[in-house]
Amino acid sequence: LEVVEEICRNTKTEVANENSDEQFVIAGLVECINHAEKLIKEHFPQRNTSTIRIPIKVGSHCSLEKGPAKEMAKHLQSEDIKKPKNPFIVNATGNYVNSAEEVRTYLIAQLTSRVLWRQTIRTMLKSGVREFYEIGPQNILTKLTKRIAKRDGLADEVTALSTKEILKQKAA
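Residue numbers here run from 1 along each chain, matching the order of that chain's written sequence. Per-residue local features of the predicted model are confined to residues with pLDDT of at least 70, and side-chain atom pairs are confined, for both listing and counting, to 80 or more; whole-chain, interface and lining totals are unaffected and use all residues. Excluding hydrogens and water, the side-chain values take into account all heavy atoms of the structure.

### Topic: the side chain of Arg122
Formally: Helix numbers and strand numbers start at the N terminus; a helix is a DSSP run of H or I with at least 4 residues, a strand a run of E with at least 2. Every residue pair with non-hydrogen atoms within 4.5 Å of one another is taken to be in contact.
Note that Arg122 resides in helix 5 (residues 117–126). Leaving out residues up to four positions away in the same chain, Arg122 has contacts with Asp21, Ile148, Arg151 and Asp152.

Right, here's the structure in full:
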């Protein structure tokens, strides 16, 4: 992570997601991403390092979203947000929130803050969560969850399934 952060500082990009110990997402302007991508490949030639472009039109979870975050903050000021009834973890910290004000704060912060997926999953694992279901067309988060659980020595205790895997099991 330290090397990736250094490359980001030098290329005016930002780490947008910490998905696992080996996988990060960076965000920024296209020309800055191009430079960062080149430096990443140069710095890690001995590893099987790859970079994949995510086809989105905005630089999510980074300072490029400061304007939309301010707009969202204005709109949320008048909303009656309640204290969570169930345990609720925010990806901006990877920790539980307990108050309505924390929910409001982190709904806004999520636009400009890193997604701490690795920390989020580890918080759930420490809390005793052992079943994870990914709803959606892909299985990326399922794979990341399995990798994190394995690294933490919990692979045999954790069930992580994506919609794809659930549908495949039902069809069999």
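Further notes follow.
### Things to note about the packing of helix 3 (residues 66–77) against helix 4 (residues 100–109)
When two helices pack together, their arrangement is given by the angle between the helix axes and the distance between those axes. Basically, it comes down to this: Note on geometry: axes are C-alpha line fits, over the in-contact stretch for helices, and angles between N-to-C directions span 0 to 180 degrees. Note on angle classes: values under 35 degrees are labelled roughly parallel, values over 145 roughly antiparallel, values of 65 to 115 roughly perpendicular, and the remainder oblique. By convention, the crossing between two helices is left-handed when the near helix turns anticlockwise from the far helix through less than a right angle, and right-handed when the turn is clockwise. Put simply, Ala, Val, Leu, Ile, Met, Phe, Trp, Tyr, Cys and Pro go in the nonpolar bin, Asp, Glu, Lys and Arg in the charged bin, and everything else, Gly too, in the polar bin.
The N-to-C vectors of helix 3 and helix 4 enclose an angle of 155°; their axes lie 9 Å apart at closest approach. Comparing their axes, helix 4 and helix 3 come out roughly antiparallel. When the axes of helix 3 and helix 4 are compared, the crossing they make is right-handed. Contact residues: helix 3 offers Ala69, Met72, Ala73, Leu76 and Gln77, while helix 4 offers Arg104, Leu107 and Ile108. A breakdown of the residues in the contact of helix 3 with helix 4 according to their chemical character gives six nonpolar, one polar and one charged.

### A short note on the environment of Glu65
Relative to the helices and strands, Glu65 resides in the loop between helix 2 (30–43) and helix 3. Separated by 73 residues in the primary sequence, Glu65 and Gln138 place their C-alpha atoms 25 Å from one another. Apart from the residues within four sequence positions on either side, Glu65 is in contact with Val58, Gly59, Ser60, Leu111 and Thr112.

So, to be careful, I would describe these as geometric facts and stop short of saying anything about function.
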